[in-house]
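If you want the building blocks of each chain, they are given just below.
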Amino acid sequence: RAFFSDLLYAISHHHVAPGQAEAIWSRILQHKLSMSATLGRNVRITVATLDYLSNVIEVLTSPTLISEAYAAEIATQSMRDGMTGLYNHTSCYELLEQELRNHRRYGKGVSLILVDIDNFKLVNDRHGHQEGDRILVELAKTITAEVRESDMCCRFGGEEFAVILPSTPRLSEAAEIAERIRRRTTTISCGEETVTISLGVATCHHKSSSARDLVEVADQALYRAKRNGKNRVALARWR
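Presented here is a report on the structure given in the accompanying data block. None of the values given here were measured: they were computed from a predicted structure. Each chain has its residues counted from 1, following the order in which its sequence is written. Whole-chain, interface and lining totals are the exception, using all residues; otherwise, since this is a predicted model, local features are given only for residues with pLDDT of at least 70 and side-chain atom pairs are given and counted only at 80 or more. Side-chain metrics rest on all non-hydrogen atoms present in the structure, leaving aside hydrogens and water.

## Regarding the overall build of the protein
The condition is simple: Secondary structure elements are defined from DSSP: runs of H or I of at least 4 residues count as helices, runs of E of at least 2 residues count as strands, and each element is numbered from the N terminus. Here the globule rule is a power law, 2.2 Å times the number of residues to the power 0.38, and the radius of gyration is based on C-alpha atoms. Each residue's exposure class comes from its accessible area (1.4 Å probe, protein chains only) as a fraction of the maximum for that residue type: buried when under 20%, exposed when over 50%, partly exposed otherwise. In this description, contact between two residues means that some pair of their heavy atoms is separated by no more than 4.5 Å. Reported accessibility uses the Shrake-Rupley method at a 1.4 Å probe radius. Residues are deemed covered only where the shown protein chains occlude them. Neither His nor the chain termini are counted; the positive set is Lys and Arg, and the negative set is Asp and Glu. In this description, the location of a charge corresponds to atom NZ of lysine, CZ of arginine, CG of aspartate or CD of glutamate.
The number of helices and strands found in the protein is nine helices and seven strands. In terms of C-alpha radius of gyration, the protein reaches 19 Å, essentially the compact-globule figure of 18 Å for 239 residues. Structurally, the protein occupies a C-alpha span of about 60 × 45 × 30 Å along its principal axes. Here the protein holds 239 residues, and the buried ones make up 48% of them. Taking all contacts inside the protein whose residues are at least 6 apart in sequence as the whole, residues at least 24 apart take part in 63%. Summed over all atoms, the accessible surface of the protein reaches about 12200 Å², with 48% contributed by carbon and sulfur. Here the protein holds 30 positive side-chain charges and 29 negative ones, and the gap between their average locations is 6 Å.

Dropping the structure here:
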């Protein structure tokens with residue numbers, strides 16, 4: 001929490017209590033996406049932050065400008081996972097919500113892949129956390145290499161990753177990408193063992209009113225992949 005408080009102070013020179021800073025920063029990122037969509041161009045994080053603090057919640061009366069390069073650096077730190085460089089958990093939900101809004105507006109579809117490393121606790125127990133960290137970084141690189149340029153890769157938490165697939169209305173297309181990731185992951189080794197992953201795939205549905213809805217059905221598919229033997233792709237079933 002102190003990080004987000006420091007982040008906001010670095011951009012605006014306005015102090016926000018640590019207990020409130022993370023929630024405010026999350027709303028600023030949403031505000032940035034909204035401004036960018038409305039204006040039809042990428043709005044810089046400094047502009048979005050100052051506009052939100054000054055004009056939306058009106059807590060800032062004398063904004064202080066800092067260099068965009070510095071703002072970009074600290075914004076990246078807040079949106080990215082420090083180990084893998086992928087989008088972090090909070091950013092994943094925000095990006096997924098944005099893609100769902102695009103789907104509702106333009107009808108282009110969006111899919112989600114959840115990825116979980118099989119038996120990862122055993123890797124840490126047998127080989128140590130440094131080896132576990134290496135595998136996380138290798139998997140992040142593998143996922144990034146196997147997806148399209150428009151797709152967004154995230155570290156969802158721990159040994160779990162997520163891939164947001166914009167303009168992907170067909171479950172079969174998302175499943176092909178997931179299977180590519182699964183096959184490529186088997187080239188990663190840990191000692192004499194091969195690293196494997198389980199994946200759950202979901203495509204937006206008329207019932208997917210929020211990012212959490214889509215994550216939930218993808219997570220259910222991931223659970224089935226784990227339950228049915230691991231090292232496989234399972235497809236979501238909407239009820």
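## Considering the packing of aromatic side chains
This is how the line gets drawn: Side-chain rings of Phe, Tyr and Trp, where Trp is taken by its six-membered ring, are said to pair if the distance between their centres is within 6.5 Å; with planes under 30 degrees apart they count as stacked, over 60 as edge-to-face, and otherwise as tilted. Only when the NZ of Lys or the CZ of Arg is both within 6 Å of the ring centre and within 35 degrees of the ring normal is a charge said to sit over the ring.
If you walk through the whole model with that rule in mind, you get one aromatic pair. In this arrangement the basic side chain of Arg80 is found over the ring face of Tyr87, its NZ or CZ atom lying 3.9 Å from the centre. Sitting over the ring of Tyr106, Lys108 keeps its end group 5.9 Å from the ring centre.

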